[in-house]
Amino acid sequence: MTEPHSPNSPLNPSNPSDPLNPLNSLNPLNPPAPADSSIDLRGRTALVTGAAGGIGAACALRLAAAGARVRAVDRDAPGLDALRARAEHLSGVVEAVLLDLTDLDAAEQAGAGTDILVNNAGTQLVRPIQDFPPEEFRAVLTLLLEAPFRLLRGALPHMYERGWGRVVNISSVHGLRASAYKSAYVAAKHGLEGLSKVTALEGAPHGVTSNCVSPGYVRTPLVEKQLADQAALHGISAESVLAEILLADSVVKRLIEPGEVAEAVVYLCGPHASFITGSTLTMDGGWTAH
């Protein structure tokens, strides 16, 4: 969701005293502004899950700006209403689809008629394995792995019929590397990376590409929740969690902005990315370079 952060929050981009603030004028690594207007997705229907806020909202708006008709899927009705209001001036259209993706049959039906599928919806729970509730483990895998599979089942027949399709799975650096206390999330994201590769192999003869975008920590409410969970787990402040734990392995010491992830997604949907499939675009600030 897109609710404002508190003035003292380490995630607040308007806090000029925050050394991790990407908008700080002293930071030479400010994220670039979206600039590529050459991607034309008019006539394409895109479906974005988890679209009410964070990465999903950024992807929905960016795809609509490229002219796509976007089905924005989420269970957060107020968030979807706010997203539609933000999209009114764009060349494409954003349609709100209120749906709980753990209703797997409904998820598969929602995928029908889709040219571009962005699997983004996610959740997180930070617990040691011995304390991880089995029902929560199952719920994370259902949303992060089984729902994308069912959405693909619904979407691929239309893509194959048209001879064109783009699947972009929002994975994570945790689809490539593990962190302690995140057994369900790491397992699900590793599975999503594999599912994406299988989709690429099967889809190639039909003009369908499938790739992952795998960011490090993005400035989203999901990260805010992780800050709170890990602060409680380790008995330290949220600011210390951000600097000493979340960004410890990143050589670029800031959070990624949702708009940066959206630019990567729309790039993979463009004509110049037609030979990129079965790949992972890693946006981890150098994490996996160690």
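So, a few notes on the structure that sits alongside this text. The written sequence of each chain sets the order in which its residues are numbered from 1. With the structure being a predicted model, the display of local features is reserved for residues of pLDDT at least 70 and the display and counting of side-chain atom pairs for 80 or more, all residues being used for whole-chain, interface and lining totals. As a convention, hydrogens and water are excluded, and side-chain values are obtained from all of the structure's heavy atoms.

1. Some thoughts on the pairing of strand β1 (residues 45-49)
Any residue under 20% of the maximum accessible area for its type is buried, any over 50% is exposed, and the rest in between are partly exposed; the area is computed with a 1.4 Å probe on protein chains only. What counts as a helix is a DSSP run of H or I of at least four residues, what counts as a strand is a run of E of at least two, and both are numbered from the N terminus. The element β1 is extensively covered by neighbouring structure, given that 5 of its 5 residues are classed as buried. Of the two faces of β1, both are covered, the one formed by Thr45, Leu47 and Thr49 as well as the one formed by Ala46 and Val48. With 5 bridges joining them, β1 and strand β2 (residues 69-74) adopt parallel strand pairing. The residue of β2 that forms the bridge with Leu47 is Arg71. Here is how to tell: hold the view so the strands point away, follow the path from the first strand over the helix to the second, and if it runs clockwise the crossover is right-handed. Crossover connection from β1 via helix α1 (residues 54-65) to parallel β2: handedness right-handed. Two strands make a pair as long as DSSP finds a minimum of two bridges between them.

2. A look at the nonpolar core
Leu41, Leu63, Val70, Leu83, Val118, Ile170 and Val213 are the most contacted members of the largest nonpolar core, which has 39 residues in total. Contributing elements (two or more residues each) for this core: β1, α1, β2, α2 (77-86), β4 (116-119), β5 (165-170) and α8 (258-269). Residues count as neighbours in contact if any of their non-hydrogen atoms are within 4.5 Å of one another. Setting aside chain neighbours within four positions, we find Leu83 in contact with Ala51, Ala57, Ala60, Leu61, Ala72 and Val94. Within this scheme, the nonpolar core is defined by two criteria: the residues are buried Ala, Val, Leu, Ile, Met, Phe, Trp, Tyr or Cys, and they are joined through side-chain atoms within 4.5 Å. One finds Leu47, Leu117, Leu144 and Ala147 within the second-largest nonpolar core, a separate group that totals 28 residues.

3. Some details on empty space enclosed by the protein
We place a 1 Å grid over just the protein atoms. Points where a 1.4 Å probe fits but has no way out form a cavity, open points with protein on both sides within 12 Å along at least 5 of 7 lines form a pocket, and any residue with an atom within 4 Å of a point lines it. Grid points are joined across faces, edges and corners, and a volume is the space filled by probe spheres set on the points. Scanning all chains against the criterion turns up 2 cavities of 30 Å³ or more. Along its surface, the largest cavity is lined by 13 residues, and Asn119, Asn120, Ala121, Leu143 and Pro148 are the ones closest to its centre. Counting residues per element, the ones that place at least two in the lining of the largest cavity are α4 (134-162) and α5 (183-203). If you tally residues by element for the lining of the largest cavity, the top one is α4, at 5 residues. Amino acids are sorted into nonpolar (Ala, Val, Leu, Ile, Met, Phe, Trp, Tyr, Cys and Pro), charged (Asp, Glu, Lys and Arg) and polar (every other residue, Gly among them). In terms of residue class, the lining of the largest cavity is built from 9 nonpolar, 3 polar and 1 charged.

4. A few points about the pairing of strand β6 (residues 208-215)
With respect to burial, β6 is a largely interior element, 8 of its 8 residues being buried. A two-sided burial pattern is seen for β6, the buried positions comprising Val208, Ser210, Cys212 and Ser214 on one face and Thr209, Asn211, Val213 and Pro215 on the other. Judged from the 6 bridges that link them, β5 and β6 form a sheet pairing that is parallel. Of the residues in β6, the one forming a bridge with Asn169 is Cys212. Of the crossover connections in this fold, the one passing from β5 over α5 to the parallel β6 is right-handed. Inspection of the sheet shows β6 paired to strand β7 (residues 280-283) by 4 bridges, in the parallel sense. The residue of β7 that forms the bridge with Ser214 is Thr282.

All we've got here are geometric facts, nothing functional implied.
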